[in-house]
Number of protein chains: 2
Amino acid sequence: MNAPETINQATRCASALRFLAADAVEQAKSGHPGAPLGMAEMAEVVWRRHLRHNPANPSWINRDRFVLSNGHASMLLYALLHLSGYDLSIEDLKQFRQLHSRTPGHPEFGLTPGVETTTGPLGQGLANAVGMALAEKLLAATFNTDGHTVIDHFTYVFVGDGCLMEGISHEVSSLAGTLKLGKLICLYDDNGISIDGDTRGWFGDNTAQRFTAYGWHVTTVDGHDAEAIDEAVRAAKLNDKPSLICCRTIIGKFAPTKAGGHDVHGAPLGTQEIAAMREALGWTAAPFEIPSDVAEAWDARPQGARYQEEWDMHFSDYRVALPDLAGELLRRCEGILPPGVVDGVIQLLSAPSSPLRQKIATRKASQLVLEQLVEALPEMLGGSADLSGSNLTNVKASKWVNHHGSGNYLSYGVREFGMAAVMNGVALHGGLIPYGGTFMAFSDYSRNAIRMGALMRQRVIHVLTHDSIGLGEDGPTHQPIEHTSSLRLIPNNHVWRPCDGVETAIAWLAAVQRDKGPSCLVLSRQALTPFERSAEQIEEVKYGGYVLRDAAVVDVVLIGTGSEVEIAIHAAQILAGQGIGARVVSMPCVELFLSQDADYREAVLPTAVPRVSVEAGVTWFWRGMVGEGGECVGIDSFGESGQADALYEHFALTSSTVADRAESLVRRQSGR
Amino acid sequence: MNAPETINQATRCASALRFLAADAVEQAKSGHPGAPLGMAEMAEVVWRRHLRHNPANPSWINRDRFVLSNGHASMLLYALLHLSGYDLSIEDLKQFRQLHSRTPGHPEFGLTPGVETTTGPLGQGLANAVGMALAEKLLAATFNTDGHTVIDHFTYVFVGDGCLMEGISHEVSSLAGTLKLGKLICLYDDNGISIDGDTRGWFGDNTAQRFTAYGWHVTTVDGHDAEAIDEAVRAAKLNDKPSLICCRTIIGKFAPTKAGGHDVHGAPLGTQEIAAMREALGWTAAPFEIPSDVAEAWDARPQGARYQEEWDMHFSDYRVALPDLAGELLRRCEGILPPGVVDGVIQLLSAPSSPLRQKIATRKASQLVLEQLVEALPEMLGGSADLSGSNLTNVKASKWVNHHGSGNYLSYGVREFGMAAVMNGVALHGGLIPYGGTFMAFSDYSRNAIRMGALMRQRVIHVLTHDSIGLGEDGPTHQPIEHTSSLRLIPNNHVWRPCDGVETAIAWLAAVQRDKGPSCLVLSRQALTPFERSAEQIEEVKYGGYVLRDAAVVDVVLIGTGSEVEIAIHAAQILAGQGIGARVVSMPCVELFLSQDADYREAVLPTAVPRVSVEAGVTWFWRGMVGEGGECVGIDSFGESGQADALYEHFALTSSTVADRAESLVRRQSGR
């Protein structure tokens, strides 16, 4: 080995990363040392030589983005943030993986300054990075002008074997290649080891060839040769295709006995191994101590301040020359909606002749609302997973990025999961509000990305059409049964299932105004009957559940959502003929209804009155709402292929079923 | 155009497919004519010239398999089945997409003879085909001997652009290439059109290069040149790699004005267009009429009978020479378990010193059970999505297919969705019972394949470990919150969450014995305390819920699952000290409990007694079980990174919380 005095600065900087990672995992008695050790040179090169960021201002809009898609290597990122000068102390690092620390097991957005996205579920970080690079490209096209460049940054992402085995890596890399996202630079930690061992037994891809097939610029380097990596990154920055740099690395590099094996992946190295690594690398500093020359070499604050200052000066000029654009950029980056949007939609839906008050499918109502919203909100970035004409997500003002290279609408291709995770990346970048459509049944494909958006509290809108057996002939593979309910179970996710045009409009308004999490809009394929409402009722829709039709004496409450509200209304009419007073409650957003105060909930659903739910999906979810004594009308088996009307009859999802069940319920309860 | 008399037989056979598809879509007034028209030559070549099958016996074990992954082209498959001579009449075809017909919108396994798998959710058919080819390879290695070849067939699959955009296509194609599944032959309908239009805007891949990177044999042909396709299939059959034949096609080929555009994808052609197509192709037969020469040319029954006869003769010899192997093959194909399996496991768990009665993680208990089951059931094909050492799915008797080319265990790589859909294909093939592990949180990735297994009623076992915040430091991305409940919502899916070794063993027995659908085994990372049970209680576990500890007077019932049963037991002890009698019900499988008769359910959960649930996940699911008056102890937010014990405290998932909530509940109810 080299003597300490001949080891150069870059090597010592990489060593600092290695020891912070190894020592923190050791202290935590759990974690993943192998990947940080293997990626130390990659990290040193990107962070010290290329990344344009300002540790003092992690929300600077024009910073380069960095994503650690193999999030289990979190200690690498924490070490980088600490050494670069972010507000993350050495004490924070000592608390790695402890409750309430800022250094949790996987990087969490919103918790740790400088962490751009939450990663851990493999492949999604790469998708987020594609979203960030996409957002950069679109914002640059909107806000840069001749002589003024205010948005111009790279997105770097580290990925491991696991990310590249995941299907989502295909979806988003294919998309990124097609869209020529040239400022996306991906470094692949190609160490040939995954948890089950040598990857050759299950991952025989020629990855370089695969990404060439996607239209990427691909290079392969020794991942422990910093100069070679540096050169590859320089070339990547000049290339107008997205770049993949395959870095051949050794997992756990420099762990004397464990490097190259899979034992180094997910368990502490042990004090002996670390001591031997110190010896081998000539590293004399104690755990969590950084030699001053290394600290200085890593400190990115002075350079960060210069980057920021330079940009601030540019932006001052821009603001003078183009005050409207500058103000718009700031507004959009802050996520504040322009005034008048809500008013515009309210006007649309209030007009007596409003098309929202016709008998139309809620997916069509959604499109009518979008016609307004997309005009009023230039930050809306729409799209669909190749179902634009079915989801009705495109509008007159939609300009397809696919065809123009810029715009406000994207066909994501048949890539539901990729779309959802790219939308998370777009939202995380800032400046855009993404919405994207697919068939509701295929929310299964994108489910974990919907969850990640909820965990990261991102404003992402999922347009899920064809929401029940009402889609008809396409049959059980396409008919959601459990989906509406199971999406409701994801924490911090709002699921809207509107019953007509007016509720659809209010759902859209709630979704675009909600800046603390995703919303799912669950929409019908088939036309639904519109209902008249008082101004007060329209106001109440946003509470998630409200009385749509009341009875003089309320013997029973019928609770419906979406296409089944109409069934409940007809059932109430039947019951009225039998002398039974039935109130109809429309509950487009259960989560919001449950978050209302007890008085409101009691006013809508009086404890003493029996309840019947009706929704074309699994009933168990509603059991909690109607209570043990109540009745649930729904479907607990898979759907069938056939015409929609025939299916509603076949599954006994009819007003007469609801009326019968309600009548016998009232009789039972009054008999007690 | 050629005059009718010069058009050769193959062309007329392809025309028959085109007109059956176009006319049936027309009659149904909905469906997808474009893909059948575009794939008619591909289908003619594969079905008339290569497919070894016997329409009279669709369950012949050694038939070639055919999967239509782009399932919306279902009419192509129905036309093929009808023309080949399967039990699918012309009247069935006239009922296309009607309720109760055998020709639903997408092909459905179990409904239509000759349909090998249910397709529609794109990409999964390809994954099923990979599973079938894998099963063939493994069964061949087991059952063929020198001089006796009883398993030897190809698996053909048609895929469209949509399938190849989906991430799952990457996962399973990479796996198939690595495993060298040489008898898998994939024909790609490369028509350059998807629903949003010309795919070049969102799908720029060089697909041939991509599959070459996976280690596939790739050829490209004119998809309307039958002879070229035929030659490519011949070459594919001789190649020891999986083969992709890229067939350049025109969507809606021969629809005079609509061919090549996306309008032909998902709507009837219209009578005028079909009439013009008749004219152009010189097709004079009326809708649903097949000229006798064409019918004869298509009829696969005589050749099928010969194939079957030949194989039957081989098998007779085999049965004489190797009666044990022959008997075993028949047993496995019929899906009947060998005698003694249940006894073996019962013995294991009954022994006083049984390791199942120690304090161990349920994932570890699962491994102990698997040690027995894998020995006793040679049809078990285990695996993990690169987490073998964490899921503990591998056992001593596991022989890794990755390293040996045959065996009973497979590391699927980091491909959760691919694994689940491949397992569906393995189960559909017959002869093997697949089980596969991943972290529970990533059941989100595989969710739609779990659903498809439930829809197809397949015996597939999903081993989902690290089932709650109890996994600790890996944090919220890895901690299931809503997953157990949301998996329970999938129709025909059984979710087991055992509380100790004994329940784990019984869950495994139920899962391997269940031949009408998938089971999910939800297992802990952390060690759980074992409970003593009477023989009667052990018997009752299989009812899904039973009284684990009773009180002399039952004031409250505490219902727990998995790791939280221990908390309930301790809470009952606390309550006993307060003079409150608490019964503890363990409910490892809610679906089974709910399927018991009312008397049993009442005996376990008396209506009059208030209830408290405790499960480390979303509470709403339990609201239906405890009723409005009951209490639910759980977690309705995302998890945190930290040590497991600290997390249970942090989320107030403790026996004192349960006792407090139970005590105030009892007080409230008795005060009424």
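Refer to the structure above for everything that follows.
Values in this document were obtained by computation on a predicted structure and should not be read as measured data. (Residues numbered from 1 in each chain as written. Chains lettered and ligands numbered in written order. Predicted model: local features only at pLDDT ≥ 70, side-chain atom pairs only at ≥ 80, totals over all residues. Heavy atoms only, no water.)

*Asks:* Tell me about unusual backbone geometry, and please be specific about residues and values.
*Replies:* Positive phi, normally seen in glycine, also occurs at Lys 180 of chain A, with a value near 50°. Looking at where Lys 180 of chain A falls in the secondary structure, it is placed in the loop between helix H8 (167-178) and strand E3 (184-190). Backbone geometry places Asp 386 of chain B, a non-glycine residue, at a positive phi of 65°. Relative to the assigned elements, Asp 386 of chain B resides in the loop between strand E9 (380-384) and helix H16 (388-391). (Helix = DSSP H or I, 4+ residues; strand = E, 2+ residues; numbered from the N terminus.)

*Asks:* Summarise the relation of the copies chain B and chain A; cite the residues concerned and give the values.
*Replies:* Mapping chain B onto chain A is achieved by rotating through 180° and translating by 0.0 Å along the same axis, at an RMSD of 0.0 Å. Such a turn and shift between the copies fits a two-fold axis. Mapped onto chain A, 100% of the interface residues of chain B again fall at the interface, so both copies present the same surface. (Least-squares fit on C-alpha atoms with pLDDT ≥ 70 in both. Contact = heavy atoms within 4.5 Å.)

*Asks:* How would you explain the interface of chain B and chain A if you had to name every residue and give the values?
*Replies:* Across the contact, 106 residues belong to chain B and 106 residues belong to chain A. Summing the contributions of chain B and of chain A, the shared interface buries around 8300 Å²; its carbon and sulfur component is 57%. Run the count over chain B and chain A and you get eight salt bridges. Residue Arg 451 of chain A pairs with Glu 482 of chain B through a salt bridge whose shortest N-O separation is 2.7 Å. Here chain B is connected to chain A by 60 residue pairs in polar contact (both at pLDDT 80 or more). (Buried area = accessible area lost by both parts, 1.4 Å probe. Salt bridge = Lys/Arg side-chain N within 4 Å of Asp/Glu carboxyl O. Polar contact = N/O pair within 3.5 Å; in protein donor to acceptor, adjacent residues only side chain to side chain.)

*Asks:* Residues and numbers for the environment of Gly 560 of chain B, please.
*Replies:* Residue and element names in this part refer to chain B. You can see Gly 560 is positioned in strand E17 (residues 556-560). Between the alpha carbons of Gly 560 and Ile 61 there is a distance of 44 Å; along the sequence they are 499 residues apart. With sequence-adjacent residues up to four places away left out, Gly 560 is seen in contact with Val 565, Val 585, Ser 586, Met 587 and Val 614.

*Asks:* Break down the pattern of salt bridges for me, citing the residues and quoting the values.
*Replies:* All names here are of chain A. One pass over the full model with this rule turns up 74 salt bridges over all chains. In this structure, Glu 116 and Arg 65 form a salt bridge, with 4.0 Å as the shortest nitrogen-oxygen distance. Taken as a pair, Glu 116 in the loop between helix H5 (90-94) and helix H6 (124-143) and Arg 65 in strand E1 (residues 65-68) lie far apart in primary sequence, 51 residues in all. The residues Glu 116 and Arg 65 share a single accessibility class, namely buried. The residue Lys 542 makes a salt bridge to Glu 539 at a minimum N-O spacing of 2.5 Å. (Buried < 20%, exposed > 50% of the residue type's maximum accessible area, 1.4 Å probe, protein only.)

The values reported here are purely geometric and, on their own, carry no functional implication.
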